[in-house]
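# Working through the structure, step by step
What follows is the residue order along each chain.
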Amino acid sequence: MNNAVNDGVWSGSWVAERLGVGLEGDDGLPDLLGLALRRNPKRAHLLVSNVLGKHVPQSPSVVYGHGFRLGRRVRALLGETAAASAVVLGYAETATGLGHAVADGLGLAPYLHSTRRPVTGIAPAGGFEESHSHATSHLLLPEDPALLAGDGPLVLVDDEFSTGNTVLNTITDLHTRHPRERYVVVALVDMRSPEDTARLQRFADGIGARVDLVAAASGTVRLPDDVLAKGQELVARHETARPDATPEPPRGRITRVDLDWPHGLPDGGRHGFTPAHRARLEAALPAMAARLAEALPTGARHVLVLGFEELMYAPLRLARELEQIAPGTRVRFSTTTRSPVLAVDDPGYAIRTRLVFPAHDDPADGPGERYAYNVAGAGFDAVVAVVDSAADTPALHAPDGLTARLAAHTPHVLLAVVPSHVPAPASTTPERPDMLPEPLRGPAFSSYPPDEVGWLLRDLSDVTLEAPTEEREEAIQSGGAHYAESLPVEYQPSEQYQKLFHAALDASATRIAHAVGVVTETVLDEHSPRPVLVSLARAGTPVGILMRRWARFRHGLDLPHYAVSIVRGRGIDANALRWLAAHHDPRDVVFVDGWTGKGAITRELAEAIEEFEKTEGITGFNPEIAVLADPGSCVRTYGTREDFLIPSACLNSTVSGLISRTVLRSDLVGAHDFHGAKYYRELVGADVSMAFLDTVGDRFQDVTDTVDSAVKELRTEDRTPTWAGWRAVERISEEYGIHDVNLVKPGVGETTRVLLRRVPWKILAKAGARPDLDHVRLLAGQRGVPVEEVAELPYTCVGLIHPKYTRGATGADGRAVNV
């Protein structure tokens, strides 16, 4: 059942016949790879390696031998002198064991693998994104910070090299920190297209480094245009009758085995594994394998050694040693995984069965399902489950846990626990935690898909923060509270208002798509070829997602995108900046917002970045904001300077992933926390977040030519900010006797916010500006706010907040009155 060919059938034929997917290249590819279907919205197919020891149980000698031989080839390529100064880096979780084996073949190289398990007290030495993965963020957490600081060759090891995006992200991150002249990319299979091959060469030329590739086999994957949609439909159809092994009560016996693991020996390369560590492991392996052999039941002839997610190397070496000292026993090796893959019990499909169980190592991204593939039904006499001590939790032994699921399908389960390596504490206690939380992502936080945006925020969904608008306004203007310490009650649009939103969206989608294209092309042209988009939550978030979608639509780029909090008078979230600096080059960060009004946030960001650089010593962040619309003439990077209706300004959370405005309150947000926000799950019925994005995205194809022309014109124009908007606001503030520019909110977006969140006094509307103001007039009428037409107005409209507000300044019904 677990071989590449079953009864003469290739284990990729089932997918190939139904999706039209095919492998083209070296003759040995079908022996190395089968095919399965992902439960992943980013990529339909999964290349299933028959020699990696992850999804398909395989002889441990075969698994280890492939990696070791690749390491020998790298050593020959580099030569003895360069090989002696090399460092090997493997990718979590799939290639952690393969990278170890490559390092063994290389001989003298220390090894480190990326991880998705943050560790308190270890500062990241880098991080990067794996865009197509179900779980994308990688951390590099070497115990010795100097491990990656040398200038010798860096050898990057992954199981497959498909597009090269992950490798490019890695080299980009590390080359900025520690430039070097030579990189070697190692993979079991090189499946890049000619375009991706050329892209890697251009990238290498661009950074002035040599990048070589070593692979056991090469080829390409033939994908029809509709493969993603057909794959998703196929997964949905088979999920209802998926051949997961039906949960059964345990029948087998579960026994612990004490390996007597050497004290202080790391369990793997999560924090670094040196040649000296390898020598200690080699010396201890025979005795540890003998303990396993002694614990096996009499007559066991078919044994699986099952590793645990990133913990692949130690179980692999134990399995290989067991295979050598027990020649009459057929030993196989595989590991559990986070990857959700459809199982189909067919000889032509690579994943025949699936065991499902809950995560049992308290993962940083929260609870979730984990999987063991091709174990049920394989006829193993015994399974040796090898986990680290961090995963030896009650969840592992629960009725639905891994050990119980295994015991339902084999008569004997042996559990061997390897001590999790805990790096030595730093000599001094840090003033703040070295590890900040990973970004929040949908669907756990926000209605956006997880790849669209990572929220550098703290989830305050269970905290009551809303207060009536009038109470908030009085507290804010009296100085009793900052506006960011509470939230307004979310506006629930009437049916009439919802119709206005959809009509406005339909009418303006092409105009917005054009502005998205212009601002994104300007960013790619002038800021960074691979920018890290950082939206100012929350108005900037939909714009950041649209810019990310444009970059993928026009250039095939999969840009990282995060949302951070900035609060007027309090600055940007410094902890979010620290996280970004730890995971990306600050010079690649581009801040994104929806629009400018008078430019208050633009100034706030510049002052906050300057203060951050002084206090933290971290430089490189560019305080300029890229916006969709810049009617205030406050920035250089924009899609348009016209003040027009952007429909995302018409609503609050229901057009922004159901996320509230951000909150900064000392009793809820500690010194080492991200700023807070709420996820309004209860408003899902009114959510139009994806409808807004999809409607605008559907117009991208229509505006490509006009975008190209507009970008060419912008390159020749003087885009120096004039701050005309700020001067206009100052004039209006004095002319209307307000004497506080913070109570004057210029532009369609800001005026809408006044009507939705604050206590408005009056609305100034530019004479003749009708369609863009239909929703403003409707809201103003509902709240009893007068709309005054003004002939000479630099904006389409301006909202005036009630000056010196008290509840006595309104009528008995709470509506605004003229004073």
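Cut-offs used in this document
- Within every chain, residues take consecutive numbers counted from 1 along the sequence as written.
- In keeping with the predicted nature of the model, local features appear solely for residues at pLDDT of at least 70, side-chain atom pairs appear and are counted solely at 80 or more, and the whole-chain, interface and lining totals rest on all residues.
- Computation of side-chain values covers all heavy atoms of the structure but excludes hydrogens and water.
- What is meant by a nonpolar core is a set of buried Ala, Val, Leu, Ile, Met, Phe, Trp, Tyr and Cys residues, joined one to another through side-chain atoms within 4.5 Å.
- The classification of residues rests on relative accessible area computed with a 1.4 Å probe and restricted to protein chains. Under 20% of the type maximum is buried, over 50% is exposed, and intermediate values are partly exposed.
- Only runs of H or I of at least four residues qualify as helices and only runs of E of at least two qualify as strands under DSSP, and these elements are numbered from the N terminus.
- Two residues qualify as a contact provided that any one of their heavy atoms is within 4.5 Å of a heavy atom in the partner residue.
- For Phe, Tyr and Trp, where Trp contributes only its six-membered ring, two rings pair if their centres lie within 6.5 Å, and the inter-plane angle classes them as stacked under 30 degrees, edge-to-face over 60, or tilted in between.
- The criterion for a charge sitting over a ring is simple: Lys NZ or Arg CZ within 6 Å of the ring centre, and within 35 degrees of the ring normal.
- With axes taken as lines fitted to C-alpha atoms, and helix axes fitted only over the stretch in contact, angles between N-to-C directions fall between 0 and 180 degrees.
- Two helices cross in a left-handed way if the nearer one is turned anticlockwise from the farther one by less than a right angle. They cross in a right-handed way if the turn is clockwise.
- Under the convention adopted here, Pro, Cys and the residues Ala, Val, Leu, Ile, Met, Phe, Trp and Tyr are nonpolar, Asp, Glu, Lys and Arg are charged, and Gly plus all remaining residues are polar.
- Oblique is the label for any angle not covered by the other classes, which are roughly parallel (under 35 degrees), roughly antiparallel (over 145) and roughly perpendicular (65 to 115).
- Strand pairing is assigned whenever DSSP identifies at least 2 bridges connecting the two strands.
- For this analysis, a polar contact is any N or O atom pair within 3.5 Å, provided that within protein one partner can donate a hydrogen and the other can accept it, and provided that sequence-adjacent residues contribute only side-chain to side-chain pairs.
- Salt bridge, as used here: a side-chain nitrogen of Lys or Arg that lies within 4 Å of a carboxyl oxygen of Asp or Glu.
- Confidence scores here are pLDDT values: one per residue, from the predictor, ranging 0 to 100.
- By convention a crossover is right-handed if, when the strands point away from the viewer, the path from the first strand over the helix to the second runs clockwise.

### Quick word on the nonpolar core
- Counting 131 residues, the largest nonpolar core has Leu 37, Val 155, Leu 156, Val 186, Tyr 349 and Leu 406 as the members making the most contacts within it.
- No other element matches strand S11 (residues 182-190), which puts 7 residues into this core.
- What Leu 156 contacts, discounting residues up to four positions off in sequence, is Leu 89, Tyr 91, Val 167, Thr 170, Ile 171, Tyr 183, Val 184, Val 185 and Val 186.

### Some details on the packing of aromatic side chains
- As enumerated under the stated definition, the model contains 13 aromatic pairs in all.
- Geometrically, the ring pair formed by Tyr 562 and Trp 579 is edge-to-face, given 5.1 Å between the ring centres and 70 degrees between the ring planes. Pair noted here: Tyr 562 is in strand S25 (residues 561-567) and Trp 579 is in helix H15 (residues 574-583), with a separation of 17 residues, a long-range link.
- The class of Trp 579 is buried, set by a relative accessible area of 2%.
- An aromatic cluster is built from Phe 445, Tyr 448, Trp 455 and Tyr 679, whose rings are joined through pairwise contacts.
- One Lys or Arg, Arg 603, reaches over the ring of Trp 723 and ends 4.5 Å from the middle of that ring.
- Note that Arg 603 overlies the ring of Trp 726, its terminal NZ or CZ placed 4.0 Å from the centroid.

### Here's the deal with the packing of helix H14 (residues 540-555) against helix H17 (residues 689-697)
- Following both chains from N to C, one finds H14 and H17 inclined at 40 degrees, their axes separated by 10 Å at the closest point. At the point where H14 passes H17, the crossing takes the right-handed sense. Only Met 690, Phe 692, Leu 693, Asp 694, Val 696 and Gly 697 of H17 make contact with H14, whose side of the interface consists of Pro 542, Ile 545, Leu 546 and Arg 549.
- Split by residue class, the contact of H14 with H17 holds 7 nonpolar, 1 polar and 2 charged.

### Things to note about the environment of Pro 124
- With respect to the helices, strands and loops of the structure, Pro 124 is situated in the loop between strand S7 (111-113) and strand S8 (126-129).
- Between the alpha carbons of Pro 124 and Leu 140 there is a distance of 5.5 Å; along the sequence they are 16 residues apart.

### Examining the side chain of Lys 678
- Tracing the backbone shows Lys 678 in the loop between strand S30 (676-677) and H17.
- Setting aside residues up to four positions removed in sequence, Lys 678 forms contacts with Phe 445, Leu 460, Ser 461, Val 463, Thr 464, Leu 465, Glu 466, Leu 487, Leu 658, Ile 659 and Ser 660.

### Comments concerning the packing of helix H13 (residues 495-526) against H14
- Running from amino to carboxyl end, H13 crosses H14 at an angle of 75 degrees, the nearest separation of the two axes being 9 Å. The angle between H13 and H14 places the two elements in the roughly perpendicular class. Along its contact with H13, which presents Ile 512, Ala 513, Val 516, Gly 517, Val 519, Thr 520, Glu 521, Val 523 and Leu 524, the element H14 presents Leu 546, Met 547, Trp 550, Ala 551, Arg 554 and His 555.
- In terms of residue class, the contact of H13 with H14 is made up of 10 nonpolar, 3 polar and 2 charged.

### Things to note about unusual backbone geometry
- Cis geometry marks the peptide bond from Ala 92 to Glu 93, where omega comes out at -10 degrees.
- The peptide bond linking Gly 442 to Pro 443 adopts the cis configuration, its omega dihedral lying at 0 degrees.
- As for its placement among the helices and strands, Pro 443 is situated in the loop between strand S19 (412-418) and strand S20 (454-455).
- You will see that Ser 446, though not glycine, has its phi angle at about 95 degrees, which is positive.
- Within the fold, Ser 446 resides in the loop between S19 and S20.

### Regarding the sheet that holds strand S18 (residues 382-388)
- Spatial ordering of the open sheet is given by S13-S19-S18-S14-S15, a layout of 5 strands whose pairing is parallel. Either end of the sheet is taken by a strand with one partner, and the two such strands are strand S13 (253-257) and strand S15 (330-336). Neighbour-to-neighbour, the strand axes of this sheet turn through a mean angle of 20 degrees, independent of strand direction.
- Pairing analysis gives 4 bridges linking strand S14 (residues 302-308) to S18, with the strands arranged parallel. Directly across from Leu 306, in S18, lies its bridge partner Ala 385.

### Quick look at H15
- The element H15 is extensively covered by neighbouring structure, given that 9 of its 10 residues are classed as buried.
- Regarding H15, its N-cap is Asp 573, as a side-chain oxygen of that residue lies 3.0 Å from the backbone nitrogen of Asn 575 further along.

### Observations regarding the sheet that holds strand S34 (residues 797-801)
- The strand order across the open sheet formed by 4 strands is S31-S34-S32-S33, and the pairing between neighbours is mixed. Two strands close off the open sheet at either side, each with one partner strand: strand S31 (744-746) and strand S33 (787-790). In this sheet, neighbouring strand axes are inclined to one another by 20 degrees on average, regardless of whether the strands run parallel or antiparallel.
- Strand direction decides the pairing type here: strand S32 (residues 760-766) and S34, joined by 5 bridges, are antiparallel. When the sheet's bridge partners are listed, Ala 765 is paired in S34 with Cys 797.

### Side note on the pattern of salt bridges
- Counted under the stated rule, the structure contains 38 salt bridges.
- When the shortest N-O distance is used, the salt bridge between Asp 260 and Arg 291 registers 3.4 Å. Of the two residues, Asp 260 sits in the loop between S13 and helix H9 (275-295) while Arg 291 sits in helix H9, which places them 31 residues apart along the sequence.
- Overall, the relative accessible area of 48% leaves Asp 260 in the partly exposed class.
- Its salt-bridge partner being Arg 548, residue Asp 558 comes within 2.5 Å of it at the nearest N-O pair. Here Asp 558 is found in the loop between H14 and S25, whereas its partner Arg 548 is found in helix H14, with 10 residues between them in sequence.
- Under the relative-accessibility criterion, Asp 558 is labelled partly exposed at 21%.
- Judged by its relative accessible area of 4%, Arg 548 falls in the buried class.

### Details of the confidence of the model for the chain
- For the chain, per-residue confidence averages 85 on the pLDDT scale, and 89% of positions sit at 70 or higher.
- For the chain, the element scoring lowest by mean pLDDT is helix H12 (residues 469-477), at 49; S15 scores highest, at 98.
- Across residues 1-5 the pLDDT falls below 50, and counting only partners more than four positions away or on other chains, this stretch makes 17 contacts in the model.
- Below a pLDDT of 50 lies the segment residues 131-136, which in the model reaches 25 contacts outside its immediate sequence neighbourhood of four places, other chains included.

### Regarding the pairing of strand S28 (residues 625-629)
- For S28, a buried count of 5 out of 5 residues is recorded, marking the element as mostly surrounded by other parts of the structure.
- Across 4 bridges, strand S27 (residues 589-595) lies against S28 in parallel orientation. Pairing of Asp 593 across the sheet is with Val 627, part of S28.
- For the crossover from S27 across helix H16 (residues 600-616) to S28, the handedness is right-handed.
- Summarising the sheet, S28 and strand S29 (residues 637-640) pair through 3 bridges and their orientation is parallel. By the bridge assignment for S29, Ala 629 is matched with Thr 640.

### Quick look at the environment of Cys 797
- Tracing the sequence through the fold places Cys 797 in strand S34.
- Counting along the chain gives 153 residues from Cys 797 to Phe 644, while the straight-line C-alpha distance between them is 9.6 Å.
- Beyond its immediate chain neighbours, meaning those up to four positions away, Cys 797 contacts Asp 643, Pro 746, Gly 747, Val 748, Thr 751, Leu 764, Ala 765 and Leu 773.

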